Structures are given as structure tokens and as C-alpha cells.
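A look at the structure
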Amino acid sequence: ISSMPYLHKILLYVFLPMGIGFLLWVPVWVTRRLGTMWHRGLRAGSVMDQFWYNLIFFLFVIYPTVSVTVLSTFSCQDLGPAGNRLTVDFRETCPNDQQGLLFFCSLVFAFLYPLGIPLFFLAVMVWFGVPAMAREKKQNKRVEMAISLYRAQVMSAEGAQIVRRIGATVVANNLCFNDVVTRMFDDIDSDGSGSISQEEMKAYVEREFGITLRNESSEWLEHLSSFSGPEGEISQEGFTSLVNDLYERSNRLTGEELLQDLSREQLQVLCGHAWEEVNAEDMSDRVALLIDTQLEQLQAEVDRSRIKPDVEQAQPEDDDNEGVEEQEGDALAGMGLEELRRAFVKRTEELEEHGAISLPTLEWNGSLGEREQTAIRRIGFLFVMYECKAWYFEMVEMARKLMMTSVLVFVYPGTTSQIAAGHLICFAALIVNFIVHPFLDSHLDKLQIFSLLTQTVTLFYGIMLVVQEAMEEAVSPRDRDMLAGLITALNSVIFVFPFAQWLLDRQLTSLSRVTDHALLTLSPLLRWLPKPGTASQISPDEDEAWGDAEAAGADPRERAGSGKGQTREEDPSTTTHQRSSGEILVERENNELPAQCCKHTETIPLLG
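Here is what the cut-offs are and how they apply
- Residues numbered from 1 in each chain as written.
- Predicted model: local features only at pLDDT ≥ 70, side-chain atom pairs only at ≥ 80, totals over all residues.
- Heavy atoms only, no water.
- Helix = DSSP H or I, 4+ residues; strand = E, 2+ residues; numbered from the N terminus.
- Buried < 20%, exposed > 50% of the residue type's maximum accessible area, 1.4 Å probe, protein only.
- Contact = heavy atoms within 4.5 Å.
- Salt bridge = Lys/Arg side-chain N within 4 Å of Asp/Glu carboxyl O.
- Axes fitted to C-alpha atoms, helices over the stretch in contact; angles between N-to-C directions.
- Parallel < 35°, antiparallel > 145°, perpendicular 65-115°, else oblique.
- Nonpolar A, V, L, I, M, F, W, Y, C, P; charged D, E, K, R; others polar.
- Phe/Tyr/Trp six-rings, centres within 6.5 Å; stacked < 30°, edge-to-face > 60°.
- Expected span 1.5 Å × (residues − 1).
- pLDDT = per-residue confidence, 0-100.
- Pairing = 2+ DSSP bridges.

Regarding its fold elements, the chain presents 23 helices and 8 strands. Burial analysis of the chain (608 residues in total) assigns 35% to the buried set. Considering only contacts within the chain whose residues lie at least 6 apart along the sequence, 64% involve residues at least 24 apart.

As C-alpha cells, this is what we get:
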């Protein structure tokens, strides 16, 4: 190929990919023409999928080489008496001067390949609906998060647990709903008075669900008060009404609805909800409590009690609120279904903008049905590795590669400005990757950032060398070799960077397992450590009385209580029973432990 005339070479580079693309289309044509007769069209879809994937992959592979070859036609060098010659082949006169066949072919091919392939990829993704699907995925997730936020506000964690417990009991035991409600009422009514007090409800919620109601003004207790009688207790009929209200709240929105599945009534409820009263910090705690009520219970209640007065101060007067709600209700009643959907979508965008909801990383998983699955099978090579918000990022990468490999040759060739332009391109790409984080896999994000950082540093080192030579600065061979070795090592690290990441993740995982195992092993010992401020509860005299009792073989508790006329102060959360002469059974209730450890029973040997 090197001995061929440059015109023949460029024609070969340009028309050979076209011939290969035609060969890739042949199986599709054969399947469409003859497949119906032979296979009844069953394989046509798979053949088409394979054609698109092969075509996209082939164009992606040849893009850098063909682009460099085509754009090299416009790069010439003045050789003095020999005239202006083509830089890649001094045998050829510069096509820019003659504007012959080579010049016009290169001009056409420059639009066909360097610009045409990225535009073709973009057009194909738009044709398969990738941008629309990315917007739809984001919209669906935003709607889902807004509905979860709504459910967390109108449905307390305690109510959600009661609904879940009743539903699970009905399904598991095939019982009547009213019988299960009556049985739960009897379980809560510990004194058998026929009514439930708030203290009994608090004790049941803490015992069964591990939720400690430390805040007397919590929303759950406020909800209970609306079904209580004059004396503040809930009758069996009131408890049944409470459960029915909880079920109505729970079934109003399940949290799994898509925007197109929401009915007119549901959209009116969501659009009429007081979203402007939602505090993002408060709702994040409440959502976490609703999902897993056994985690961070005290902190969630403290956050709620801390920020609730500010929210109430920001609210207008009750009469004004009622008037505004009536006007909003009348406006929503006159809206059509599409208008309600647009209004709710606008509300979700405002919630995201104000930080009330945040979207997680969205991936291409085929959740939108056959159209997304078809796009993934055929052209997924272009976008499946990126997040939905960065579906276009492969075009950005192709543009960066084109500028670094082809366009850069026209920027003051052989000068410091050319190196500075390359440094600027790499630095801009590095900033873009830092901001966007386009890859689904965080390891790929780190590898991309590290490789761009390496290119930026390498080009900066090149600028330093050129400047030093231009200013005739004396640099010792030792310093030059040391810097060259550092740059070489930095570029070599790119090849071992993925393995280093994998090894580091593995070590961190092992360390996490060892730490969890150590904490699990030491947890029985940590429970018996004295709490802050409890060491001074035992006086020196009382300590001495316990020592004398141990020496005499008597019960230390009796001696300690009678030796000095003092009585040992008992912890109200600790109950001690004598099991035998050598053991004490200790039951300790610890509200700071998880729900499964709220009541800890352990047998410890008696001293002496």
C-alpha cells in the first residue's frame, strides 16, 4: 500500500468500508427475500439486530484511521524549490494548490467520514428513540420519587407497619380482615379495658416494630388523636376506623405507578398536595423511616421535631389556607387528564430543583419495554455504558478523538502552539468528565479521568521541553532523565490501573468484613460498658460494703443495702432475678439497640 499513488490509497481507504457495509447488508436482504419462504420470517428480527450491531461496531473501529487519512490530504508543507508538497507523501503535489480530483474527493470524503459517521450515529440514536427514552426514564423516576415523598408525608412509619402486619396476617393465615383487626386490638389493649390509650399504643409499636415514640407531638400520635374519644382513648370501633383510614392512605398510591397509569383522581390528589410545605431534610428522614423503621429511629424523630416549628411558622393562617385550597381544588377539577399530567410533571421538576427529591443513577435495563430492548440489541454499543442523562457522550468522545488525531495537525504544525492546543483539549475533556461522570461504572469514570489527566500532564511536559530549548536553559541530563522516567511511568500506570482498582476494592471489602465480624464479636462486651455519667452512682462506701459481703460469702446486694443504711439505686431499665446461688438473670431493655436487641437477656456469673 505504501508504494501506491496517494489518490489510489485514499480511494481504497474510502470505498473499502462501503463495500464491507454492503456485504453486511446482504444477509438482511436474503432473509427478507427468502426467509419468509424458508423460515416464515422467524429469523428476520435476529438477523436485523446482528446487522445493526456489526455495522455500528465496524464504523466505530474504522473511524479514527479513515478520518486521519482523509484529513491528511489538506496538510501540506513547503519544501522550497520542490514546491508545496503533501506532508504524508512528498511525491504528491499539494492538492490545495491544484484543486484537482484528489482535492475534491478529499473534500467530499471529509464530510462523509470525519463528520458523517458521528452525525450518522446521532441520527440512528434519535431514530431508535434513545433521547426520548432517556427523558421518559428520568420523568418516570421523578414521578416515582415524588409519589414516595407523598406517601412518606401522608403515611407515617407506624401506620405503614400496622397495615403491613395486618395484610401479612390475613394472607398467611387466610383469616377474615375484621378478625385480624380485632385480634390486634386485643393485643394492644394490655389491661383489657376495652379501649386503647396512647401509652398502650406506644408500647405496642415499640415492642412489635422497634419504633420508639420519644416525641409526644409526633404525627402518628396526632393521627391517633383524631380517632380517640373524649378521654383520649380509642375504642374498638375507632380502631377499626383507624385501620380503614390507614388502608385507604396506603392504597391510594402504591408507589409503583407510571405517569400514564395515574388516574384523574390520583393526579388531582398529587397536584393538590401541599408540596411547598415539604422540607427536604425532614422528608428524607421520614422516607428512610418508612422503608426501614428499625434504622435511625431517634434521629428521625429529633429532626422532625426540630424543623417542624419552622414549617408551621412559614404557613399562613388557617382561614387563608382553606381559601387557597378551595381555589386550587376548583382549578384542578376543571383540568383535563393531559393538563393534570403536565401540571404534576411540572411539580416534580420543581421538587427536584429545590432538592426535595433526588434522582438515582438511571441505567439502560429494558424497563421501557420492547423499544428499549430493541435499541439495546441493535445500537446499544453506543450508549449502554453511559448513564441515561449522558446518552450522547459517545459523540463527545468521538469529537475529542477527532480533534486530537486529525484536526490538531492543522494548528501551527511543529510549534509550541500545537502542543498547547492539545493540552487545552485534554484539559477541557478532563473538566467535562469531572462534571458529568457519564459512565455507569464508577471504575470506568476513574479510569477515564486518570487517562485524561495523564495526557494533560504529558502535553504540559512537552510544552516545558520546547520552552526550555527555545530559551536555551541549561537542564542537567539527570533532571531530564528523571522527568522523562516519571512521565513514562505515569503513562504505564494506565495499563495497571484497572487491576489496582480491583485489588483495592477487594482489600476494602475484606477489611469491611473483618470489621463487621470484630464488631459482632465485641458487641456482647460493649453492651456492659458503663454509660457516660453512670460511674459516680456507686459510692465508695457502697463499693466497700459489696467487697465485705463477697469476703463473708453473703449476698452482696443485701449487705450493700444494709451496711450503711443505704439502698443500692437500681437502674429502672434493669430487672434482676435470683436464679441460683451462683447466677443472676439480668434483663436489660436498651432503646439504643436495634429492634431485635431491644430486650436483651443474658446470664452472668455472680461474683464470689
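Right, let's talk about the pattern of salt bridges for a bit. Inspection of every chain in the model, using the stated rule, returns 15 salt bridges. Residue R252 pairs with E248 through a salt bridge whose shortest N-O separation is 3.9 Å. With R252 and E248 both in helix α11 (residues 236-252), this residue pair falls 4 residues apart, about one helical turn. A residue is classified by how much of its surface remains accessible, and R252, at 30% relative accessible area, is partly exposed.

Let's shift gears to the packing of helix α7 (residues 157-173) against α11. Each packed pair of helices is defined by two parameters, the angle between the axes and the distance between the axes. It is the contact of α7 with α11, at a shortest axis distance of 10 Å, that shows an interaxial angle of 95°. Taken together, the axes of α7 and α11 are roughly perpendicular relative to one another. Residues G159, I162, V163, I166 and G167 of α7 form the contact with α11, whose own contacting residues are V243, L246, Y247 and S250. The residue makeup of the contact of α7 with α11, split by class, is 6 nonpolar, 3 polar and no charged.

As a further point, take the packing of aromatic side chains. Within this structure, the stated rule accounts for 18 aromatic pairs. Ring geometry for W52 versus F128: centroids 5.5 Å apart, planes at 90°, classification edge-to-face. Here the residue W52 occupies a position in helix α2 (residues 44-71), and F128 occupies one in the loop between α5 (116-127) and α6 (130-154), the gap between them amounting to 76 residues. In terms of burial, W52 and F128 fall into one category: buried. Relative to F381, the ring of Y53 lies with its centre 6.3 Å away and its plane at 85°, an arrangement referred to as edge-to-face. With Y53 in helix α2 and F381 in the loop between α17 (370-379) and α18 (393-405), this pair connects stretches of sequence that are 328 residues apart. Under the relative-accessibility criterion, Y53 is labelled partly exposed at 35%.

Moving on, we come to α11. In this model, α11 (17 residues) spans 24 Å end to end at C-alpha, consistent with the 24 Å of a helix rising 1.5 Å per residue. Along α11, the residues that are buried comprise G238, F239, L242, V243, D245, L246, Y247 and S250.

This part takes up the confidence of the model for the chain. Summing up the model confidence of the chain, the mean pLDDT is 74 and the portion of residues at 70 or higher is 72%. Confidence drops under a pLDDT of 50 for residues 531-540, and excluding neighbours within four residues, the segment shows 5 contacts in the predicted structure.

Okay, the sheet that holds strand β2 (residues 84-86) next. Backbone-to-backbone hydrogen bonds join strands into a sheet, with any given pair of strands oriented parallel or antiparallel. Here 3 strands make up an open sheet; going across it, the order is β1-β2-β3 and the pairing antiparallel. If you trace the sheet from one side to the other, it starts and ends with β1 (76-78) and β3 (89-93), each paired once. Taken pair by pair, the neighbouring strands of this sheet meet at an average axis angle of 50°, ignoring direction. Two strands pair when backbone bridges link them, and β2 and β3 are joined in this way by 2 bridges, in the antiparallel orientation. Across the sheet, R85 pairs through a bridge with T93, a residue of β3.

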